[in-house]
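Residues per chain, in single letters:
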Amino acid sequence: MAESLPEHDRILQEIESTDTACVGPTLRSVYDDQPNAHQRFMEKLDACIRNHDREIEKMCNFHHQGFVDAITELLKVRADAEKLKVQVTDTNRRLQDAGKEVIAQTEEIIRCRVQQRNITTVVEKLQLCLPVLEMYSKLKEQMKVKRYYSALKTMEQLENLYLPRVSQYRFCQIMIENLPKLREEIKEISMSDLKDFLESIRKHSDRIGETAMKQAQQQKTFSTTLQKHNNVNYGRNMHLGRSRILESKNEMTLKRTFEEDDEHDEEVLTAQDLVDFSPVYRCLHIYSVLGDGEIFENYYRKQRRKQARLVLQPQSSMHETVEGYRRYFSQIVGFFVVEDHILHVTQGLVTRTYTDELWNMALSKIIAVLRTHSSYCNDPDLVLELKNLIVVFADTLQGYGFPVNRLFDLLFEIRDQYNETLLKKWSGLFRDIFEADNYSPIPVANEEEYKIVISKFPFQDSELDKQSFPKKLPMSQSVPQIYIQVKEFIYASLKFSESLHRSSTEIDDMLRKSTNLLLTRTLSSCLQNLIKKPHIGLTELVQIIINTTHLELACKYLEDFISNITNISQVTVHTARLYGLSTFKDARHAAEGEIYTKLNQKIDEFIQIADYDWTMSESDGRASGYLMDLINFLRSTFQVFTHLPGKVAQTACMSACQHLSTSLMQMLLDTELKQISMGAIQQFNLDVIQCELFASSEPVPGFQGDTLQLAFIDLRQFSVQCCLFS
């Protein structure tokens with residue numbers, strides 16, 4: 001037990017000196033000790049507490065008087081404290097009353113400072129927002145005045161520069177939501193303007209094309225006239241009268257061209273002058289800015305292709321007048337002038353590949369249309385005007401860089417048709433000339449009339465020149481008229497050959513081929529028809545033979561005429577020859593054959609009126625009247641043949657005598673003739689004698705010996721046999 005007491009003292013010391021949080025382990029040692037240690041510890045603890053109480057009591061007793069003195073002192077101070085409290089309260093009241101105004105002013109200052117800070121903040125925000133609002137106001141104004149491209153630029157600035165700075169504000173969000181709508185609105189408006197432009201350009205295409213073609217034609221006319229004026233040898237070898245007329249016309253045309261050129265120097269219009277292209281530029285820029293440039297290009301090209309198909313579709317009656325062709329060409333030229341303008345003023349909207357593809361498509365359609373409609377043209381003047389329009393059309397488009405070789409190839413096809421229309425026209429002219437001709441030699445009363453005739457037709461005859469006036473030229477009026485018309489045909493054919501960008505040699509060859517067709521087909525056909533006409537008698541046939549002879553001789557002058565107007569020498573350059581020789585020879589042969597036929601028909605007519613009395617007892621003592629009339633007719637006819645070539649006249653005379661002999665013999669051999677008297681034989685013999693006398697009288701010079709009498713030798717022998725038989 002003695003041992004446990006010091007242990008309890010130690011525990012109590014630890015409890016007194018240790019922090020309350022660490023008492024647990026110390027107390028646990030109380031319970032972990034010997035049995036009843038807890039009781040003993042509690043006793044020890046009570047003893048310790050009593051000791052401490054006695055010590056506290058001693059200390060309180062020691063300090064009690066001081067405490068009482070302090071309380072007494074404190075009571076004395078309380079009255080002063082009350083006074084001080086009253087003074088502090090009063091001071092506080094007076095201070096509060098005095099501070100109310102300061103507080104109010106302070107609060108006002110604070111409020112102003114807050115307002116000032118808010119105003120500063122608002123100003124800063126407004127300064128940040130004002131450019132956005134100004135740009136948006138500018139955007140609205142641009143939309144109002146239809147400056148859509150500028151509006152898109154403004155939108156781009158708003159989106160990229162201004163709106164991100166104020167994106168936290170609600171009005172900014174509204175703007176951001178409206179911008180796509182405005183873009184769509186601009187696209188729709190610009191597309192609407194483009195559609196209006198496309199509609200307008202379709203209406204103005206013919207005017208644009210007409211202006212472009214007129215300018216190209218004026219330029220070409222000026223260049224051609226200037227070239228002819230400077231060529232001093234141009235047309236010098238032509239006939240004098242024609243040359244002077246052409247020279248005068250060239251000078252007048254050149255003067256007029258210079259004057260017109262001066263007048264139109266300040267009036268040169270372009271496609272841009274006639275049409276406002278701003279909708280295209282605006283729409284292109286807008287779609288490019290919006291990133292839809294390809295969509296716009298495809299739409300534009302698609303619409304223009306549709307318009308091209310409409311432009312290339314001709315009117316059904318286009319071939320009836322030249323105005324129909326002119327309007328058709330003007331629309332096409334206007335279309336491609338616009339495309340060329342768009343090609344050069346924009347980048348990518350129209351490419352050269354696209355225009356070439358479009359032109360090739362159009363060219364095929366144009367050629368097909370012209371082939372179809374030109375085939376309906378029967379008027380050479382209309383075909384010629386069509387050719388001139390095609391040339392101007394081709395030259396105009398060639399000036400804009402479009403290939404036109406196929407158009408000039410087409411002109412060669414149309415040229416054949418033009419020649420056909422010319423041939424038809426000249427066929428009618430030739431028929432009229434032949435119908436109006438009197439088929440008599442041309443009478444000339446004096447030198448002046450003679451010069452007029454030879455100025456129209458190259459006639460030379462030294463023997464005729466020696467004769468005095470009045471005199472007659474061997475040909476009839478149709479010869480110089482035919483010659484003039486052939487020359488006019490050459491001029492007409494030349495008109496088509498001009499401006500075809502061909503060499504003089506090619507033009508010369510074309511003229512000769514056309515003239516050959518005129519001679520070998522048209523004129524030959526007219527001559528053949530003329531010869532076959534019933535009203536053409538022997539005199540007319542003889543004159544036709546004479547006429548064709550002189551026309552044949554004139555062919556060399558026609559060759560020289562062609563060489564002169566084309567400036568192609570027949571010596572240095574191979575040229576085609578005119579086939580007039582064969583044409584006129586064939587006509588002469590046909591006329592000669594017709595002469596033989598008509599002579600025989602005339603002889604048959606006389607034979608038919610023969611009225612022999614085969615039973616007469618004796619002859620009349622003279623030849624039959626019909627036979628004498630026939631012989632007189634033959635004599636007068638063969639006198640007309642003196643102007644024919646000798647062989648023709650001799651052949652005709654021999655043919656007539658042979659036919660007469662054969663016809664008389666057929667009378668004796670007629671199966672219906674049952675008997676014949678001696679008197680009838682004698683009368684027939686007198687007729688045979690007259691035939692022999694006619695043959696021996698040499699009605700046509702040039703027969704050798706008794707050649708012509710041999711035509712009646714068989715008839716004589718048969719007549720003698722009949723006499724012997726009787």
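Residues numbered from 1 in each chain as written. Predicted model: local features only at pLDDT ≥ 70, side-chain atom pairs only at ≥ 80, totals over all residues. Heavy atoms only, no water.

A closer look at empty space enclosed by the protein
Inference 1: One pass over the full model with this rule turns up 2 cavities of 30 Å³ or more.
Inference 2: At the level of elements, α17 (504-532) and α18 (538-553) are the ones that each hand at least two residues to the lining of the largest cavity.
Inference 3: When its volume is computed, the second largest cavity comes out at roughly 40 Å³.
Inference 4: Lining the second largest cavity are Ile482, Tyr483, Val486, Leu519, Leu551, Ala554, Cys555, Leu558 and Phe584.
Inference 5: Elements supplying a minimum of two residues to the lining of the second largest cavity: α16 (478-497) and α19 (555-566).
Inference 6: Looking at the lining of the second largest cavity, the element that brings in the most residues is α16, giving 3 residues.
Inference 7: When its residues are assigned to classes, the lining of the second largest cavity shows 9 nonpolar, no polar and no charged. (1 Å grid on protein atoms, 1.4 Å probe; cavity = no way out; pocket = protein on both sides within 12 Å on 5 of 7 lines; lining within 4 Å. Points joined across faces, edges and corners; volume = space filled by probe spheres on them. Helix = DSSP H or I, 4+ residues; strand = E, 2+ residues; numbered from the N terminus. Nonpolar A, V, L, I, M, F, W, Y, C, P; charged D, E, K, R; others polar.)

Digging into the packing of aromatic side chains
Inference 1: Scanning the entire structure with this criterion turns up 19 aromatic pairs.
Inference 2: In this structure an aromatic cluster arises from ring pairing among Tyr328, Phe329, Phe335, Phe336, Trp359, Phe393 and Phe402.
Inference 3: Across from the ring centre of Phe469, 4.3 Å away, lies the NZ or CZ of Lys471, which sits over that ring.
Inference 4: Here the guanidinium or amino end of Lys602 rests over the ring plane of Phe633, the centre of that ring lying 5.8 Å away. (Phe/Tyr/Trp six-rings, centres within 6.5 Å; stacked < 30°, edge-to-face > 60°. Lys NZ or Arg CZ within 6 Å of the ring centre and 35° of its normal.)

Structural notes on helix α9 (residues 293-311)
One turn of the α-helix equals 3.6 residues, which is why residues spaced by three or four share an orientation.
Inference 1: Relative to the 27 Å expected for 19 residues at 1.5 Å per residue, α9 spans 26 Å between its end C-alpha atoms, a close match to the ideal helical length.
Inference 2: Every buried residue belonging to α9 is among Gly293, Phe296, Tyr300, Arg301, Gln303, Arg304, Gln307, Ala308 and Val311, and all of these are buried. (Expected span 1.5 Å × (residues − 1). Buried < 20%, exposed > 50% of the residue type's maximum accessible area, 1.4 Å probe, protein only.)

Looking at the packing of helix α12 (residues 380-399) against helix α13 (residues 405-436)
Inference 1: Relative to each other, α12 and α13 sit at 165 degrees, their axes nearing to 9 Å. Compared by their axis directions, α12 and α13 come out roughly antiparallel. In this structure, the crossing between α12 and α13 has a hand that is left-handed. Together, Pro380, Asp381, Val383, Leu384, Lys387, Ile390, Val391, Phe393, Ala394 and Asp395 of α12 and Leu407, Phe408, Leu411, Ile414, Tyr418, Thr421, Leu422 and Lys425 of α13 make up the contact between the two elements.
Inference 2: Residue composition of the contact of α12 with α13, grouped by class: 13 nonpolar, 1 polar and 4 charged. (Axes fitted to C-alpha atoms, helices over the stretch in contact; angles between N-to-C directions. Parallel < 35°, antiparallel > 145°, perpendicular 65-115°, else oblique. Left-handed = near helix turned anticlockwise from the far one by under 90°. Contact = heavy atoms within 4.5 Å.)

Quick word on the confidence of the model for the chain
Fine structural detail should not be taken from predicted coordinates in areas where pLDDT scores are low.
Inference 1: On average, residues of the chain score 80 in pLDDT, and 87% of them reach the 70 mark or higher.
Inference 2: The weakest mean pLDDT in the chain belongs to helix α6 (residues 240-264) at 40; the strongest belongs to α16 at 90.
Inference 3: pLDDT under 50 marks residues 232-267. Its contacts with residues more than four places away, or in other chains, come to 28 contacts. (pLDDT = per-residue confidence, 0-100.)

Section: the pattern of salt bridges
Inference 1: Going through the model one piece at a time under the given rule, you end up with 18 salt bridges.
Inference 2: A salt bridge links Lys532 to Glu594, with the nearest nitrogen and oxygen atoms 3.7 Å apart. Pair noted here: Lys532 is in helix α17 and Glu594 is in helix α20 (residues 580-608), with a separation of 62 residues, a long-range link.
Inference 3: Residue classification places Lys532 among the exposed positions, given a relative accessible area of 54%.
Inference 4: On the accessibility criterion, Glu594 (12% relative accessible area) is buried.
Inference 5: Between Lys602 and Glu605 there is a salt bridge, with its nearest N and O atoms 3.5 Å apart. With Lys602 and Glu605 both in helix α20 and 3 residues apart, the pair spans about one turn of that helix.
Inference 6: Sharing partners across several salt bridges, the network here consists of Asp90, Arg93, Arg94 and Asp97. (Salt bridge = Lys/Arg side-chain N within 4 Å of Asp/Glu carboxyl O.)

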